[in-house]
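# Survey of secondary and tertiary structure
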Amino acid sequence: MKKQNMIIIVVVAFLLTITIGYALFSESLSINGTALAEGTFDVEFTSVGTPTCIGFTGTCDSNTLTGISSDKNTLNVIVNKLEFPGAYVEFPVTVTSKGTIPAVLESISETGLETDDTIKVTYTGISELKGQKLEQNGTQTFSIKVKWDENSNKSSENVQFSIKMNYKQIAE
């Protein structure tokens, strides 16, 4: 019986030692802190250049044909009347990164052209800009062409639509 009591005491002491050792060497680690990200993300339309107008009898200037929204994120285009199939208006557009965080062009979205299939809008220079890094105060220029489809005999008047450039920030 003494031998059995001794074994029980040794086993209990062993378990108690292991429990205390585990408690001493296992602790929760809490890390408190604040992450601070500084910088601004701001890519905006900054200018529209001199347009080229073929078959457009209205006033052919950038102030009449386009307007940059007050937040400078949307370009509104108004082409009153193209005179014949194949007629077009084309103008260069410049966007500038006014923020401190680099950006890259993901896509362009148009709104307002869904109902008029006689007007085709094309972009020259956009494919080269996709994936290209736009640094702080950097500019990117491309052209927008609004054209009456040459295969259409349906006239189109008062074409109005908006263009928005979708940029994303580049993590460095």
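Everything below is about the structure printed above this text.
In this report, we go over the structure that sits alongside the text.

Calculation rules
Residues numbered from 1 in each chain as written. Predicted model: local features only at pLDDT ≥ 70, side-chain atom pairs only at ≥ 80, totals over all residues. Heavy atoms only, no water. Pairing = 2+ DSSP bridges. Helix = DSSP H or I, 4+ residues; strand = E, 2+ residues; numbered from the N terminus. Salt bridge = Lys/Arg side-chain N within 4 Å of Asp/Glu carboxyl O. Core = buried A, V, L, I, M, F, W, Y, C linked by side-chain atoms within 4.5 Å. Buried < 20%, exposed > 50% of the residue type's maximum accessible area, 1.4 Å probe, protein only. Contact = heavy atoms within 4.5 Å. Disulfide = S-S within 2.5 Å.

## What about the pairing of strand β9 (residues 139-148)?
Sheet faces and side chains relate simply in a regular strand, where the side chains alternate between the two faces. By the bridge criterion, nine bridges tie strand β5 (residues 88-97) to β9 in an arrangement that is antiparallel. Of the residues in β9, the one forming a bridge with V93 is F142. Here six bridges tie strand β7 (residues 119-124) to β9, and the two strands are oriented antiparallel to one another. From the neighbouring strand, K120 faces β9, where its bridge partner is K147.

## Re the pattern of salt bridges
Inspection of the entire model under this criterion finds two salt bridges. With a shortest N-O distance of 3.1 Å, E135 and K133 are connected by a salt bridge.

## What to know about the nonpolar core
V79, F142 and I144 are the most contacted members of the largest nonpolar core, which totals 31 residues. Ignoring any residue separated from it by four or fewer positions in sequence, one finds I144 in contact with L75, V89, E90, F91, V93, V121, T122, Y123 and I163.

## Digging into the state of the cysteines
Summed over all chains, the structure comprises one disulfide. A sulfur-sulfur separation of 1.9 Å characterises the disulfide bridge that pairs C53 with C60. Its torsion about the S-S bond being 85 degrees, the disulfide of C53 and C60 is classed as right-handed. On the basis of relative accessibility, which here comes to 31%, the residue C60 falls in the partly exposed class.

## A closer look at unusual backbone geometry
Phi angles above zero are rare outside glycine, and K72 is one such case at about 65 degrees. Structurally, the position occupied by K72 is in the loop between β3 (66-68) and β4 (74-81). At N137, a position not held by glycine, the phi torsion is positive, near 65 degrees. Checked against the element boundaries, N137 lands in the loop between β8 (133-134) and β9. A residue is classified by how much of its surface remains accessible, and N137, at 54% relative accessible area, is exposed.

## Re the environment of F91
Mapped onto the elements of the fold, F91 is located in strand β5. Considering only alpha carbons, one finds F91 and S143, 52 residues apart in sequence, at a separation of 5.5 Å. Other than its neighbours up to four places away in sequence, F91 contacts V48, G49, P51, T66, L75, V77, F142, S143 and I144.

## Section: the sheet that holds strand β6 (residues 103-111)
Paired through their backbone hydrogen bonds, the strands of a sheet run either parallel or antiparallel. The strand order across the open sheet built from five strands is β3-β4-β10-β6-β8, with neighbouring strands paired in antiparallel fashion. A single partner strand is all that each edge strand has here, and the edge strands are β3 and β8. In this sheet, strand β10 (residues 157-169) lies alongside β6 in antiparallel orientation, the contact comprising eight bridges. Residue pairing across strands places A103 opposite Q169, the latter belonging to β10.

## Focus: the side chain of S97
Tracing the backbone shows S97 in strand β5. Among residues more than four places away in sequence, those in contact with S97 are D42, V43, L134, E135, Q136, N137 and G138.

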